[in-house]
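These are the residues of each chain, in order.
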Amino acid sequence: MSISEATAKEHANDPAVLCCRAEEGTVLTSHNLEDPAIFDDLVDSGLLNLDGCLKIGQVIGAALKKTCDSLTPLTVDTIDQIQETQDNSNDSIPSSAASDSANLTAPIKNGTLKISIGQGTDIHIELPLGSISSDAEPETKLLRCLTRNHYKITEVKRGPKTMIDGTTLTIREGIEADAIASQELVHDLKIDIITPDMYHTYSETILDVQPIATKEGHDLVGTGTTRVLDGVVMMVTGTDDNGVQIGEFGSSEGYLDENIMWGRPGAPDQGEIFIKTQVTIKAGTNMERPGPLAAHAATDIITEEIRQALKKVADDALIVDTQTFEQYRRPGKKKVVVVKEIMGQGAMHDNLLLPLEPVGILGAKPNVDLGNVPVMVSPLEVLDGCIHALTCIGPASKEMSRHYFREPLVLETLFDPELDLCGVLLVGSPQINAEKFYVSRRVGMTCEAMEVDGAFVTTEGFGNNHIDFASHIEQIGMRDIAVVGLSFCAKQGALVVGNKYMTHMVDNNKSEGGIENEVLANNTLCHEDAIRAIAMLKAQMSGSSVKPAERKWNPDIKKNNIELISNVTGKPIVPVENETSLPMSQKRKEKYS
Amino acid sequence: MTYVQFCHFLYASVYFILSLTKRMGAAKTLVVFTVFNTDAGYSHIPGGFDSHMLPPKKKEFCPMKYNILLKQHIGVPCKAVAAAGNPVLPGTLIATPSGLGAPIHSSVKGTVCEITDTSIIIDGEASDAFLPLKETDAYQLLGDAGIVGMGGAGFPTAVKCSVDLKGGYVLVNAAECEPLLEHNMKQIREQTAKTIAGLKLVMQLCHAGQGVFAIKAKHHDEIATLNKYLKKEEHISIHLLPDLYPMGEERAVVREVLGTLLAPTELPSAADAIVMNVETLLRIAEAVYEKRPCISKHVSVAGKLKGGTHTRVFMDVPLGTTAGSLIERAGGIDGDYGEIIMGGPFTGHAVTLDTPVTKTTGGIIVTAPLEDLNGAKLGLLLCACGGNETRMKDLAAKMNGEVVCIQKCKQAMDIKGTLKCENPGNCPGQAQKCLNFKKEGCTDILIGNCSDCTNTVMGSAPKLGLNVHHQTDHIFDTVGLERMRYLKQSKMVSEEPSTYHIEQTVNNGILTIDIKEGKDIHIDLPL
């Protein structure tokens with residue numbers, strides 16, 4: 001459709017195409033030109049070929065040499081004279097005049113800045129006041145610390161009592177009955193201890209991967225000391241009475257070694273032992289909220305008993321590693337926030353926020369019940385397991401509980417001395433559009449109140465949640481806050497909605513074909529995505545531009561960006577592997593190859 | 001002296017007398033009237049005022065029921081003042097306005113047989129004689145005669161003429177824009193003097209300085225006739241319009257003639273102008289000079305008729321005549337038909353055979369059966385130029401299309417429930433709309449767009465695999481016109497040369513030239 005003068009100015013360097021028939025002699029204005037926003041669609045549909053097409057700035061004011069029909073790209077042959085664009089007119093200043101205009105002196109004497117200009121046009125001077133005299137860096141302020149003490153486990157076995165003895169974890173025999181009894185909807189629960197030699201074992205769909213960790217004393221999640229077991233994770237799997245996968249809508253059931261993308265923040269690492277529960281819930285509850293929650297709660301009976309055992313470990317010599325996370329305010333640095341969109345559609349999509357124990361259940365509130373409104377947490381709370389994830393659909397792009405425990409973007413931003421990470425804003429993704437906009441407007445208002453310079457918006461999954469993902473970015477962008485979006489998109493998850501603030505986007509895709517291939521955590525946010533997002537946000541906050549991506553998904557863009565970043569930082573980045581490093585499962589062969 | 005020579009003599013007299021009356025005031029208008037009777041098509045009333053009640057020379061209309069609607073115009077319906085059983089003559093007042101509106105008179109001689117909520121039904125027969133209006137003041141006569149805009153808008157003319165144009169323009173809408181309608185052109189050819197007299201009356205009433213006939217350049221005969229009559233009319237000129245749809249939209253006329261594009265919410269008075277349909281001018285002349293109330297309408301009838309699909313024009317059809325009886329007079333429907341459309345192909349709507357003619361009826365078109373789309377997924381492109389949403393949905397249903405997507409032209413503004421085009425006849429681009437139709441899964445689209453927009457739709461829709469249907473297709477097919485698709489002629493028309501009034505003065509050796517307005521001005525000064 002025809003464009004306004006303002007739009008024409010904005011798009012002065014975009015191709016000039018007639019929107020409608022225009023007759024010979026017509027002096028072209030913006031009203032004769034088609035909106036460049038739809039050119040991609042037109043080119044795709046074969047309606048338009050932009051080869052040799054002049055730019056909008058070159059044709060406005062020119063006269064048509066012949067009558068042309070709608071969607072005619074304007075070329076040198078169709079108009080009488082190419083109009084000088086503003087940029088060109090600056091270039092065309094004769095050299096002698098240019099040297100005169102360069103004759104500018106600005107000496108500072110006796111504290112007075114004097115500027116004298118002999119001759120010139122379009123002079124623009126910006127002087128930051130106040131910052132000239134003081135060059136002292138504002139001091140950073142330590143807000144809080146989190147210490148993680150790691151205890152190594154090399155063997156998991158069953159025995160009469162749940163206990164940790166050296167590097168051996170024993171789980172009480174018969175604990176299954178307690179777990180089953182704790183939940184009305186749980187009809188059966190089986191524990192498998194999967195050691196590396198058993199990775200080629202069939203498993204029902206993986207509902208969650210959880211770290212086994214506990215707080216010391218009365219420490220709250222996100223502060224103080226956390227004890228965490230290395231070499232072992234909890235894994236929740238299950239079906240309903242009829243054998244239907246919990247959250248069957250794209251699930252990761254199959255041989256474990258063919259369906260887990262090792263080493264992703266949310267996935268198990270190679271060599272780890274899985275304490276895998278296989279929970280059978282009441283028939284038909286697999287796609288409703290209480291069903292999956294019951295599977296998680298029953299599993300947590302076991303985890304909790306291990307936590308209690310871990311609390312009793314008295315020998316500090318068993319600590320194999322200690323990590324300390326410090327959260328600073330860095331006044332004077334660019335203030336940024338990480339907005340994490342988490343699932344909140346109800347049914348199987350929920351997250352338990354802020355439990356008493358890392359990735360626990362007790363004390364937590366489901367974000368669906370909180371109305372999915374934004375909840376501000378500290379980066380250390382995220383890294384200490386303040387999110388117990390109840391996500392199912394689309395295993396490749398969903399964030400497991402363990403993901404938050406090792407969240408790469410939070411870690412990178414937390415440790416970046418150039419950024420002042422003020423917090424992590426968790427916002428649920430409701431089912432209904434009206435609610436999506438309700439929560440995204442709160443996100444915008446919160447960012448405005450925090451006066452942040454920049455924001456990251458991340459999401460998990462794709463499709464429906466992209467509506468609020470886009471709206472979050474819009475709400476932040478419209479407040480003149482720099483914003484970078486991170487999501488799985490590629491081919492299958494291509495954005496269905498968009499707005500003018502979605503200009504800085506990072507694709508979390510790792511899969512070869514750009515698809516959700518049901519390999520656990522394959523397309524989730526990794527270190528290589530975090531650093532690209534940070535580089536983009538820094539570029540945006542400093543006013544430099546990021547080139548628009550090509551219209552069609554092209555994995556080379558990511559490669560180039562990673563290369564650019566490692567060239568600048570001098571730190572080589574090896575992209576993580578994808579599903580091609582795994583043995584090919586039958587399902588993948590049939591469905592995705 | 002031959003007849004033609006006699007007419008020329010009379011024309012000369014008209015001008016002479018008109019110029020005299022102008023100086024002497026309205027009192028002398030009676031003299032003018034007798035001369036006006038020489039206009040062809042008006043000669044059946046012999047003599048002067050006293051002969052009104054004489055029976056007509058030839059009887060075209062047989063005794064039948066006439067259904068005179070109480071709503072003949074925009075505004076609120078009138079209230080009946082006649083009662084069942086009352087005898088009426090053409091010109092008997094039968095309904096009065098109960099708000100913004102205009103009185104309604106009987107169009108025939110006969111008896112009121114029934115009064116319903118919506119109409120007055122008269123059992124009667126047409127008669128060319130009529131009961132004259134009593135008022136003498138010209139402005140009062142416009143109101144008493146019940147004249148409303150006869151181009152289709154139906155705005156009460158007396159209200160429109162109450163504006164003081166302070167030397168501005170009366171623009172005569174002679175675009176006759178809708179295809180197949182021909183009654184306006186016939187009127188210009190045959191009732192020229194009376195039409196011009198009507199224009200001059202309006203110019204007087206509204207204090208206009210200039211009158212302009214806006215007419216399509218293709219109407220050579222009508223333009224020649226007008227030119228002949230306008231030779232000595234300093235303040236009346238002709239503006240030529242291209243043969244496009246829509247040129248007759250009120251704001252399009254203002255834009256084409258005066259170069260001012262009005263906002264959809266603005267009235268022509270914002271450009272110091274009013275726009276009058278040619279037939280309205282005729283009825284004004286009749287009301288003032290003959291004291292004839294507005295009781296008849298010129299109507300074009302075309303389509304699937306016995307004897308050919310060409311247009312038949314019926315002059316002075318009594319209001320209340322049914323579409324069916326006019327179709328019968330035109331030869332009758334030829335076999336199967338699709339729709340009876342009242343109005344033009346673009347803005348008309350489907351009616352039944354017993355729908356009556358009103359003060360705003362222009363055309364009656366019988367169409368061939370509509371195309372069957374066999375349940376195709378259909379997109380509707382709504383705009384101000386074509387049918388409204390109800391009409392488009394009506395057509396979609398009749399064509400057996402499943403409406404899956406409705407888009408509205410970017411330039412169509414919703415003004416109090418009616419779509420108005422921001423710049424009639426100048427396309428704002430439609431490629432995005434076509435892409436949207438495609439995305440919504442349409443295989444076919446139904447449009448009612450103007451020439452320019454239709455051309456733009458054709459620039460993208462067929463390449464996207466969308467079958468384009470225009471709401472005028474079944475009508476144009478019926479009469480053998482090429483379907484509305486691509487725009488082949490220019491939107492620009494070269495105007496006939498006119499003289500500009502330029503003031504120039506030389507004072508103390510300095511030449512001053514003042515040009516109020518103009519285009520392509522060349523000044524050569526030998527120095």
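Residues numbered from 1 in each chain as written. Chains lettered and ligands numbered in written order. Predicted model: local features only at pLDDT ≥ 70, side-chain atom pairs only at ≥ 80, totals over all residues. Heavy atoms only, no water.

**Considerations on the interface of chain A and chain B**
Note on interface size: it is often stated as the accessible area lost on association of the parts. Here is the rule: Contact between two residues is taken to exist if any of their heavy atoms lie within 4.5 Å; hydrogens are not considered. Note on terms: buried area is the combined drop in 1.4 Å-probe accessible area of two parts once they are placed together, counting the loss on both. When a carboxyl oxygen of Asp or Glu lies within 4 Å of a side-chain nitrogen of Lys or Arg, that pair is called a salt bridge. Contacts described as polar in this section are N or O atom pairs within 3.5 Å, which, within protein, must combine one atom able to donate a hydrogen with one able to accept it, while residues neighboring in sequence count only if both atoms come from side chains.
Listed by partner, the interface residues are 18 residues for chain A and 22 residues for chain B. Buried surface at the junction of chain A and chain B, summed over both partners, amounts to about 1,600 Å²; 57% is from carbon and sulfur atoms. Linking chain A to chain B there are one salt bridge. Close ionic contact of A:Asp41 with B:Lys439 constitutes a salt bridge, the shortest N to O distance being 3.1 Å. Summed over the shared surface of chain A and chain B, the result is five residue pairs in polar contact (both at pLDDT 80 or more).

**Topic: the packing of helix 6 (residues 175-182) of chain A against helix 8 (residues 290-311) of chain A**
All names here are of chain A. What counts is decided by this rule: Angles shown run from 0 to 180 degrees and are taken between the N-to-C directions of axes, each axis being a line fitted to C-alpha atoms and, for helices, limited to the stretch in contact. Going along the chain from the N terminus, every DSSP run of H or I of four or more residues is numbered as a helix, and every run of E of two or more is numbered as a strand. In these notes the angle categories are as follows: under 35 degrees is roughly parallel, over 145 is roughly antiparallel, 65 to 115 is roughly perpendicular, and the rest is oblique. The sense of a crossing depends on the near helix, which, turned anticlockwise from the far helix by less than a right angle, makes the crossing left-handed and, turned clockwise, makes it right-handed.
Following both chains from N to C, one finds helix 6 and helix 8 inclined at 135°, their axes separated by 7 Å at the closest point. Judged on the interaxial angle alone, helix 8 and helix 6 are oblique. In terms of crossing hand, the pair formed by helix 6 and helix 8 is right-handed. Together, Ile 175, Asp 178, Ala 179 and Ser 182 of helix 6 and Ala 298, Ile 301, Ile 302 and Glu 305 of helix 8 make up the contact between the two elements.

**A word on the nonpolar core**
Keep this limit in mind: We define a nonpolar core as any set of buried Ala, Val, Leu, Ile, Met, Phe, Trp, Tyr and Cys residues linked to one another through side-chain atoms lying within 4.5 Å. Working definition: with a 1.4 Å probe on protein chains only, accessible area under 20% of the residue-type maximum means buried, over 50% means exposed, and in between means partly exposed.
The biggest cluster of nonpolar side chains holds 43 residues, and the ones touching the most others in it are B:Val170, B:Val202, B:Phe213, B:Ile215 and B:Ile284. Ignoring sequence-local partners within four residues, the contact set of B:Phe213 consists of B:Val172, B:Thr195, B:Ile196, B:Leu199, B:Leu226, B:Leu230, B:Ile236, B:Ser237, B:Ile238, B:His239 and B:Val278.

**Quick look at a nonpolar patch on the surface**
Let me state the cut-off plainly: For patch detection, residues must exceed 30% relative accessible area and be free of salt bridges, and they are connected within 9 Å for like charges or within 5 Å for nonpolar side chains (Val, Leu, Ile, Met, Phe, Trp, Tyr). Surface accessibility in these figures is a Shrake-Rupley result with a 1.4 Å probe; residues are shielded only by whichever protein chains are displayed.
A surface patch of nonpolar side chains, amounting to about 210 Å² of accessible area, comprises B:Ile74, B:Leu100 and B:Val159. Position of B:Val159 among the secondary structure elements: in helix 4 (residues 157-160).

**Some remarks on the pattern of salt bridges**
Counted according to the given criterion, the structure contains 55 salt bridges over all chains. Three or more residues are tied together by salt bridges with common partners; here these are B:Lys194, B:Glu279, B:Arg283, B:Glu286, B:Glu290, B:Arg292, B:Lys297 and B:Asp316.

**Points about the sheet that holds strand 11 (residues 273-277) of chain B**
Residues and elements named next belong to chain B. Counted only if it meets this: Strand pairing follows a simple DSSP-based rule, namely that at least 2 bridges must link the two strands.
Taking strand neighbours across the sheet as the criterion, the four strands line up as 10-9-8-11 in an open arrangement whose pairing is parallel. Because the sheet does not close on itself, it has two edges, and the strands there are strand 10 (236-241) and strand 11. In this sheet, neighbouring strand axes are inclined to one another by 25° on average, regardless of whether the strands run parallel or antiparallel. Inspection of the sheet shows strand 8 (residues 169-174) paired to strand 9 (residues 210-216) by six bridges, in the parallel sense. Along strand 9, the bridge assignment pairs Tyr 169 with Gln 210. Contacting strand 8, strand 9 and strand 11, helix 9 (residues 278-290) crosses the sheet at an angle of about 85° to strand 11.

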